[in-house]
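So the chains spell out like this:
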Amino acid sequence: MEGIITRKTTVRDVVVNYPQTRAVFEKYRIDYCCGGAESLEEALRGKNVTFEKLSAELDAALKTPENGDRKARDWSTAAPTELADYIEQRHHGFMKAQLPRVRNLLAAVQRAHAERHGRMLNELRDIYDSLQWEIEQHLMKEEQILFPYIRRIEAFVHNGGQEPVVHCGSIQNPIRQMEHEHENAGGALEKMRELTKEYSLPEDACATFRAVYEGLQAIEADLHEHIHLENNILFPKAIELECVGKAA
């Protein structure tokens, strides 16, 4: 990996060019979504891992054969519309099913474990409810405003016709809002991890308690990929596409 990925290489560039490295960044809690613009050197500050160790693990990830469902799609080569469709089908669909499910499970755990863990669970519920509301609003704005405009501008660039208009002036404005909401979601995920001590189950945890923690971690993993695909790939492609359309 020497000469390919250096201390100054950004986390974003590594993950975009080598999607199979995401698991390594997840392992060390290195933010490749909202914090993807940091260099590896910057991202490692405060982490209990050296650049040499990280580099070795990234190199191993690149050399590990991938096949079947484990193979990571290289979305950097996809058209914006294809990627937007994938995000909506895969990640929006996941959230619409998972968010209410985990909320119901969490409510059941609150009732069953109020005596010993009520304070922690109440705080967790507050963070989760806020996160769920913001994600649901976020998905709606993407589906009703941002993604339709991306599809229209791509169609205009390739097929001509009437240039589409975004009511907020430029696609960069809704993108900035989406990125801000991504940062809020990332903050909520960090708070939940801290509150639950990295999702460490108490000794008296029941199966439903375990299901809540597993569901929260699944939401976290899905959001990380969702945000990565948008911040690092879709949004830059969409901004570039709009520039091409305006120059046409």
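Residues numbered from 1 in each chain as written. Predicted model: local features only at pLDDT ≥ 70, side-chain atom pairs only at ≥ 80, totals over all residues. Heavy atoms only, no water.

Going by what an unreviewed UniProt entry lists, the protein chain is known as Iron-sulfur cluster repair di-iron protein and is assigned to Abyssobacteria bacterium.

Engineer: Can you help me understand the pattern of salt bridges in this one?
Structural biologist: Pairing between side chains becomes possible if they bear opposite charge and their charged atoms approach one another. With the rule as written, the count across this model stands at 19 salt bridges. Linking Glu225 and Arg22 is a salt bridge whose minimum nitrogen-to-oxygen distance equals 3.7 Å. Placement of the pair is Glu225 in helix 8 (residues 207-247) and Arg22 in helix 2 (residues 22-27), with a sequence separation of 203 residues. Each of the two residues, Glu225 as well as Arg22, counts as buried. (Salt bridge = Lys/Arg side-chain N within 4 Å of Asp/Glu carboxyl O. Helix = DSSP H or I, 4+ residues; strand = E, 2+ residues; numbered from the N terminus. Buried < 20%, exposed > 50% of the residue type's maximum accessible area, 1.4 Å probe, protein only.)

Engineer: Could you clarify how one ought to interpret the layout of surface pockets in this entry?
Structural biologist: Left-over empty space is what a probe sized like a water molecule reveals as it rolls over the atoms. The computed volume of the largest pocket comes to approximately 290 Å³. Along its surface, the largest pocket is lined by 16 residues, and Ile30, Asp31, Gly186, Glu190 and His224 are the ones closest to its centre. Looking at the lining of the largest pocket, the elements with two or more residues in it are helix 2, helix 7 (172-195) and helix 8. Looking at which element gives the most residues to the lining of the largest pocket, the answer is helix 7, with five residues. (1 Å grid on protein atoms, 1.4 Å probe; cavity = no way out; pocket = protein on both sides within 12 Å on 5 of 7 lines; lining within 4 Å. Points joined across faces, edges and corners; volume = space filled by probe spheres on them.)

Engineer: Can you help me understand the packing of helix 5 (residues 80-112) against helix 8 in this one?
Structural biologist: Angle between the axes and distance between the axes: these two values describe a pair of packed helices. Orientation of helix 5 relative to helix 8, taken along the N-to-C sense of each, is 155°, at an axis distance of 9 Å. If you check the angle between helix 5 and helix 8, you find them roughly antiparallel. Relative to helix 8, helix 5 is oriented so that their crossing is left-handed. Here the contact of helix 5 with helix 8 is composed, by residue class, of 24 nonpolar, six polar and six charged. (Axes fitted to C-alpha atoms, helices over the stretch in contact; angles between N-to-C directions. Parallel < 35°, antiparallel > 145°, perpendicular 65-115°, else oblique. Left-handed = near helix turned anticlockwise from the far one by under 90°. Nonpolar A, V, L, I, M, F, W, Y, C, P; charged D, E, K, R; others polar.)

Engineer: Help me understand the environment of Glu230, please; the structure alone is not making it clear to me.
Structural biologist: Residue position: Glu230 is located in helix 8. Between the C-alpha atoms of Glu230 and Leu83, which are 147 residues apart in sequence, the distance is 8.8 Å. With residues near it in sequence (within four places) discarded, Glu230 still touches Ile87, His138, Glu142, Phe147, His182, Phe235 and Pro236. Within the structure, the side chain of Glu230 is placed 2.9 Å from the side chain of His226, a separation counted as a polar contact. (Contact = heavy atoms within 4.5 Å. Polar contact = N/O pair within 3.5 Å; in protein donor to acceptor, adjacent residues only side chain to side chain.)

Engineer: I tried to follow the UniProt feature "domain: Hemerythrin-like" (unreviewed entry) in the protein chain on my own but got confused; where do I start?
Structural biologist: Here the UniProt-annotated "domain: Hemerythrin-like" (unreviewed entry) positions come out as residues 90-238. Annotated as 84% helix and 0% strand, the span residues 90-238 places its first and last C-alpha atoms 19 Å apart. (UniProt positions renumbered as here; feature names shortened; annotations may be inferred.)

Engineer: Sorry if this is basic, but what is going on with the domain arrangement of the protein chain here?
Structural biologist: Reports often express the size of an interface as the amount of accessible area lost when the parts come together. The domain boundaries assigned to the protein chain delineate domain 1 (11-63) and domain 2 (78-247). Between the C-alpha centres of domain 1 and domain 2 the distance comes to 22 Å. Opposite the nine residues of domain 1 that make contact, domain 2 presents twelve residues. Approximately 980 Å² of surface area, both sides summed, lies buried where domain 1 meets domain 2, with 53% of it carried by carbon and sulfur atoms. Sorting the residues of domain 1 by area buried against domain 2 places Arg29, Cys33 and Cys34 first, and these three jointly supply 52% of that buried surface. (Domains from an automatic or database assignment. Buried area = accessible area lost by both parts, 1.4 Å probe.)

Engineer: How should I be thinking about the packing of aromatic side chains in this particular structure?
Structural biologist: The description of an aromatic ring pair uses the distance of the two centres, along with the angle that the planes make with each other. One pass over the full model with this rule turns up four aromatic pairs. For the ring pair Tyr199 and Tyr213, a centre distance of 5.3 Å and an interplane angle of 70° mean the geometry is edge-to-face. Highlighted residues: Tyr199 in the loop between helix 7 and helix 8 and Tyr213 in helix 8, separated in sequence by 14 residues. The two residues Tyr199 and Tyr213 agree in class, both being buried. Ring centres 5.3 Å apart and planes at 90° place the aromatic pair Phe209 and Tyr213 in the edge-to-face group. With Phe209 and Tyr213 both in helix 8 and four residues apart, this pair spans about one turn of that helix. For the pair Phe209 and Tyr213, one class covers both residues: buried. (Phe/Tyr/Trp six-rings, centres within 6.5 Å; stacked < 30°, edge-to-face > 60°.)

Engineer: Can you walk me through empty space enclosed by the protein in this structure?
Structural biologist: Enumeration over the complete set of coordinates arrives at two cavities of 30 Å³ or more. In this structure, the largest cavity encloses a volume near 80 Å³. Forming the walls of the largest cavity are Leu131, Glu134, Ile135, His138, Leu139, Glu181, His182, Ala185, Leu223, His226 and Ile227. Where the lining of the largest cavity is concerned, the elements lending two or more residues are helix 6 (114-159), helix 7 and helix 8. Ranked by residues supplied to the lining of the largest cavity, first place goes to helix 6 with five residues. Its residues assigned to classes, the lining of the largest cavity comprises six nonpolar, three polar and two charged. Roughly 30 Å³ of volume is contained in the second largest cavity.

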